[in-house]
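# Structure at a glance
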Amino acid sequence: MPKHFVSWYNQFMSILVNAYQLKKSFSSRPLFTGLTFSIESGERIGLIGPNGAGKSTLLRILAGVENLEEGSISLEKGLRIAYLEQVPSFNSDDSVQSSILGNVKDPHNWEDLSLANELISRLALPPAETLISSLSGGWKKRVALARELLKRPDLLLLDEPTNHLDIDGIYWLENYLSTARFSTLTVTHDRVFLQKVSNRIIELDRRNPGGLLQVKGDYLAYLKLKEETISAQEHAETKLKNTLRRESEWLARGAKARSTKQQARIERAYELEKEVEELGYRNQKLKLRIDFQEADKGPKKLIAANRISKSYGEKVVIPAIPPLDLLITYGSRIGLLGANGCGKTTLLKVLIGEEETDTGEVFRSDQLQVAWFEQNRECLDPNLTILKTVCPDGDYVDYKGAKVHAIGYLSRFLFNKEQLDIPVGRLSGGEQARLLIARLMLKKANLLVLDEPTNDLDLATLDVLQDVLQDFRGAVILVSHDRYFLDQVASQILAFDESIKSTKGSKQILSFEGLNQWEEWYKKRDRERDLERDLERDTDRVVQTPQIANTASTAKKKKKLSFNEQKEFEGMEEAILHAEELLAKLIEESSRPESANNPTLLTEISKKMDLTQKEIDRLYARWTELADLGIGKG
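Cut-offs used in this document
- Residues numbered from 1 in each chain as written.
- Predicted model: local features only at pLDDT ≥ 70, side-chain atom pairs only at ≥ 80, totals over all residues.
- Heavy atoms only, no water.
- Salt bridge = Lys/Arg side-chain N within 4 Å of Asp/Glu carboxyl O.
- Helix = DSSP H or I, 4+ residues; strand = E, 2+ residues; numbered from the N terminus.
- Pairing = 2+ DSSP bridges.
- Axes fitted to C-alpha atoms, helices over the stretch in contact; angles between N-to-C directions.
- Parallel < 35°, antiparallel > 145°, perpendicular 65-115°, else oblique.
- Left-handed = near helix turned anticlockwise from the far one by under 90°.
- Contact = heavy atoms within 4.5 Å.
- Nonpolar A, V, L, I, M, F, W, Y, C, P; charged D, E, K, R; others polar.
- Expected span 1.5 Å × (residues − 1).
- Buried < 20%, exposed > 50% of the residue type's maximum accessible area, 1.4 Å probe, protein only.
- Phe/Tyr/Trp six-rings, centres within 6.5 Å; stacked < 30°, edge-to-face > 60°.

Moving on to the pattern of salt bridges. Under the criterion given, the structure shown has 20 salt bridges. Across the pair E294 and R473 runs a salt bridge whose closest N-O atoms are separated by 2.6 Å. A residue pair is termed long-range when its members are at least 10 positions apart, and E294 in the loop between α9 (260-283) and β10 (301-312) and R473 in the loop between α14 (459-471) and β19 (475-479) qualify at 179 residues. Salt bridges sharing partners connect three or more residues here, namely K24, R60 and E66.

Laid out in structure tokens, this is it:
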């Protein structure tokens, strides 16, 4: 291999992290053991696995905030690691800027200040002086990302980065990470996000040989290899079981084990038994058994909202223009999409009667029974144990008209007997979500209202949950930014759009027949926004051409130009050329179908065309005026 190629390879494909035989336990329960892997520069790794496998713990170990029990980690010399926690912590008195600068040694260092301001701009964060306590979870996540990027990392660790982000934030983060120069290790259960930001997948699961399944490639490549691996392991288990059965039958006949060959055969039978047991453990399919209790079927119409609107002072939540009409019947599958704080949760509360409308009426069936999955999980007491959370009195729960022992009931949600006395506050996010589903299943309902149920759940649990929701005979209203999950469950999308200006705020709620139709609209809206920004920037550049009084009387009094006027004349040809190019661009944009079919956009383009044409006329007049004076001829 040529020396220059070796140098290039070492520079761009160096090993950043080497992890060898890592072991970590939680209480007396081992999370993982014997993990060995490496991370190279340029890799964007997606780290997946079941809840409780230790993914977040592994990130904390790599970030240096948690210790290992056994094993070793070696880092490339001078390696800079940044870590975006699942729930970032802040000082509530800090501003956006001081939060970003919180980890630097000198907050007055001009390079760090400059980069902090650049990050505020690039991440479209609120103004630097905004208090962190006033921000939503999604905005706090962006501020935390800026804080980590200020470290100028070679490796960025991200733990569920899409949690609490709205759809705009997720799209932005996808684009940013997919083109980033640093390496990333991302824990996420958002399959679309995983597919777009990863070029390598690591599955952390004790059932995998060595605890890991590593795949060079994206999530689709992982799915293919995983299917092949499971098929091969199941085939190996079947083959070994058959061999073990024959060996067991031979032993059962009482054959004498006097010869060395016979003794070896007996020992081999015992080894086969252990191998079959190991393969059986790897091949076991641990799935939640979710089955929501359906209320006795009543009238088909559950909720009918007629021309409703809702505001809090000047803040419009449900717009009055146009007002919202919505019918929810048995079998309805409605998904809500929109930016954080746009009003999705408020709409849910209005529909089920926890909030009043400003205008319009909401009909609710007398037989309406609602089960609500809350996003913030405030109904979970962190000090209560798992057992007391589901079964506060006694040892039995009422489920589908029968008394079921709490231990057996909780085993449906993958909680074993040893875990039942663990306080809820010590559970992972995914375990808390499973516990909330366990409580929800104890309530009869004909309407399930799920506010961000996918946060923290592993892929296997998401598959089960989406199947159950598809089979549920009542109605489902779902708030989620997990596009795959939403596409599998919802047949109607209500999207909050704040890009349309009206006389009452700047919002409307649009209805789409599924996620595909919404995505087409979203991409078109983004193209229009980009076009408007480009046109505004180009127009501003033209309009900001130095303006100098251009009256004939003033010009005639001059014998020669000042220094500034001479510079103006020399740059006049370029300014005219740029303005004419802009006009041509605007004319082209106005003739495109997406512009012709959008009256609002076409009006904006026409205004800019008029403004640009006037500027071209002014530039030509000024150029002629200066030329008539004989200026610039040497």
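Let's pick the thread back up.
So, on to the sheet that holds strand β7 (residues 183-187). The six strands are arranged β5-β6-β7-β3-β8-β9 in an open sheet whose pairing can be described as mixed. Two strands bound the open sheet, and with one partner strand each, they are β5 (81-84) and β9 (212-216). When strand polarity is set aside, the average angle formed by the axes of neighbouring strands in this sheet is 15°. Note: strand β3 (residues 44-48) against β7, four bridges, orientation parallel. Note that in β7 the partner of L47 across the bridge is V187.

Axis separation between helix α5 (residues 137-149) and helix α6 (residues 167-178) bottoms out at 12 Å; the angle between their running directions is 20°. It follows from the interaxial angle that α5 and α6 lie roughly parallel. Seen from above, α5 lies across α6 with left-handed handedness. For the pair formed by α5 and α6, the contact residues are R142, L145 and L149 on the first element and D168, G169, W172, L173 and Y176 on the second. Its residues assigned to classes, the contact of α5 with α6 shows five nonpolar, one polar and two charged.

This part covers α14. Given a rise of 1.5 Å per residue, 13 residues ought to cover 18 Å, and the 19 Å separating the end C-alpha atoms of α14 matches this to within 8%. Listing the buried residues of α14 in full gives L459, T461, L462, V464, L465, Q466, V468 and L469.

Tallied over the entire structure, the rule returns eight aromatic pairs. Consider the rings of Y176 and F182, whose centres lie 6.4 Å apart with planes at 50°: the pair is tilted. When its relative accessible area of 12% is taken as the criterion, F182 is described as buried. A ring pair is formed by Y219 and Y222, whose centres lie 5.6 Å apart and whose planes are at 20°; its orientation type is stacked. Of the two residues, Y219 and Y222 both sit in helix α8 (residues 219-252), three residues apart, roughly one turn of that helix. Across the pair, exposure class does not vary: Y219 and Y222 are buried alike.

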